[in-house]
Amino acid sequence: MKIRKAIIPIAGKGTRFLPATKQIAKEIIPIINVPMIHYIVQEAVEAGIEQIIFVTSSGKFSVEDYFDRNQELEAFLERNNKMKELDLIRKIGSMVDVTSVRQKEQLGLGHAVLCAKNMIGDEPFAILLGDDIVINDNPAIKQLMDVSLVNNGAPVIGVMEVPKQDTPKYGIVKGEIVDEKTLRMTGMVEKPKPEDAPTNLATPGRYILTPKIFSILEKIPRGAGNEYQLTDAINVLCQSQDVFAYRFDGERYDTGNVHGYLDATIDFALKDPEIRDTFLASLKSRLVKHGISV
């Protein structure tokens, strides 16, 4: 069955970006001039997703507004003959159907996914975490969709290799090797110590799941951090059916922290032919000003 819907949980408070996130949603903070969330939604749209379901909390209205039409701004741009800018914002406002559901308490990723149950219905669906930008010509979530398709619609979890010392930051998968990029999963471990990690294959926020996960999420107890963990539900799912882990291709940026955000900003500036030279010249002058040599 074609995957038409994607859940994007964005209910977190963004405390790592305070004080900016005191008043605006973290997901709207731009990388140069494009909000972080735009890249996540764009990946889903390029993969063929037709409906985005944001799982939100109070203060996140700006994310929904960004993907809506702004008639007043469009009229202003048209009056002032700013046709390039007008075309840009019209495309943003019509790129995908957006709906949202509130997560009134932040009780974990599993709980956030469960909040979208009624909007998903009986269809398979994608999950893209709003903190993780993955850049690739073939969208990461599309790669997982293709793997699911050739495996009779089985759930597929996107994974990447991480240094062993970084396993406490992620859910880590274990399983049986199918091919050089694919595992048939036997389970996951949430944020294991390096010495306890079964592999170094981490889950950075891309999933293809079926509605079966909802009945599991309704029954699992709270897990790590006293929250309802999607990891725990996937572990239960692995006991009753095939679940695959797939090492997707792409450059991944963890924009949930300032370090990853800066990496993304620098890389995107260097890859943009319109601003690359200006960025390099500005960076060099700043280094000289501060007496830094590289």
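Owing to the predicted nature of the structure, the values given are computational and were not obtained by experimental measurement.

Some remarks on the overall build of the protein chain
And step 1. Along the protein chain, the regular secondary structure elements total eleven helices and 14 strands.
And step 2. Relative to the 2.2 N^0.38 estimate, which gives 19 Å for 294 residues, the radius of gyration of the protein chain is 20 Å and therefore close to what a compact globule would have.
And step 3. C-alpha extents for the protein chain along the principal axes are approximately 60 × 50 × 35 Å.
And step 4. Out of the 294 residues belonging to the protein chain, those deemed buried represent 46%.
And step 5. Across the protein chain, the fraction of contacts at a sequence separation of at least 24, relative to all contacts at a separation of at least 6, is 74%.
And step 6. Total accessible area on the protein chain is roughly 15,200 Å²; 51% of this is exposed by carbon and sulfur atoms.
And step 7. Both charge centroids of the protein chain, one from 36 positive and one from 40 negative side chains, sit 4 Å from each other.

Some words on the environment of E195
And step 1. Its place among the elements puts E195 in the loop between β10 (182–190) and β11 (201–202).
And step 2. Along the primary structure E195 and I292 are separated by 97 residues, whereas in three dimensions their C-alpha atoms are 39 Å apart.

Observations regarding the nonpolar core
And step 1. Ranked by size, the top nonpolar core spans 43 residues in total, and within it I8, I37, I52 and F54 carry the most contacts.
And step 2. Where this core is concerned, the elements lending two or more residues are β1 (5–9), α1 (36–46), β4 (51–56), β6 (125–128), β7 (132–135), α7 (140–150), β13 (244–247) and α10 (258–271).
And step 3. Broken down by element, this core gets its largest block of residues, six residues, from α1.
And step 4. The residues contacting I37, other than those within four sequence positions of it, are I8, I10, E27, I28, F54, V63 and F67.
And step 5. I7, M188, Y207 and L217 belong to the second-largest nonpolar core, a separate cluster that totals 32 residues.

Considering the packing of aromatic side chains
Pairs of aromatic rings are described using the distance from one ring centre to the other and the angle between the two planes.
And step 1. Applying the stated rule across the entire model yields six aromatic pairs.
And step 2. A centroid spacing of 5.5 Å and a plane angle of 90° characterise the contact between Y253 and F268, whose relative ring orientation is edge-to-face. One end of the pair, Y253, is in strand β14 (residues 251–254); the other, F268, is in helix α10, with 15 residues separating them in the sequence. Summarising the burial analysis for this pair, Y253 and F268 share the class buried.

Quick notes on the packing of helix α3 (residues 71–79) against helix α4 (residues 83–93)
And step 1. For the pair α3 and α4, the least separation of the axes is 8 Å and the interaxial angle reads 160°. The angle between α3 and α4 places the two elements in the roughly antiparallel class. Considering the relative orientation of α3 and α4, their crossing is left-handed. Taken together, the residues of α4 that come into contact with α3 (itself represented by L73, E74, L77 and E78) are E85, L86, I89 and R90.

As for the pattern of salt bridges
And step 1. The full count for this structure, using the stated rule, is 18 salt bridges.
And step 2. Put simply, D131 and K26 hold a salt bridge, and the shortest N to O gap is 2.3 Å. Remark: K26 occurs in the loop between β1 and β2 (30–31) and D131 occurs in the loop between β6 and β7; sequence separation between them is 105 residues.
And step 3. Across the pair K142 and D146 runs a salt bridge whose closest N-O atoms are separated by 2.9 Å. Here K142 pairs with D146, and both are found in helix α7, just four residues apart, close to one helical turn.
And step 4. For K142, a relative accessible area of 26% corresponds to the partly exposed category.
And step 5. For D146, a relative accessible area of 30% puts it in the partly exposed group.
And step 6. Bridged by salt links that share partners, the residues R4, K5, E50 and E123 form one connected network.

Thresholds applied
Residues numbered from 1 in each chain as written. Predicted model: local features only at pLDDT ≥ 70, side-chain atom pairs only at ≥ 80, totals over all residues. Heavy atoms only, no water. Helix = DSSP H or I, 4+ residues; strand = E, 2+ residues; numbered from the N terminus. Rg over C-alpha atoms; globule rule 2.2 N^0.38 Å. Buried < 20%, exposed > 50% of the residue type's maximum accessible area, 1.4 Å probe, protein only. Contact = heavy atoms within 4.5 Å. Areas by Shrake-Rupley, 256 points an atom, 1.4 Å probe, with all protein chains shown as cover. Lys, Arg positive; Asp, Glu negative; His and termini not counted. Charge placed at Lys NZ, Arg CZ, Asp CG, Glu CD. Core = buried A, V, L, I, M, F, W, Y, C linked by side-chain atoms within 4.5 Å. Phe/Tyr/Trp six-rings, centres within 6.5 Å; stacked < 30°, edge-to-face > 60°. Axes fitted to C-alpha atoms, helices over the stretch in contact; angles between N-to-C directions. Parallel < 35°, antiparallel > 145°, perpendicular 65-115°, else oblique. Left-handed = near helix turned anticlockwise from the far one by under 90°. Salt bridge = Lys/Arg side-chain N within 4 Å of Asp/Glu carboxyl O.

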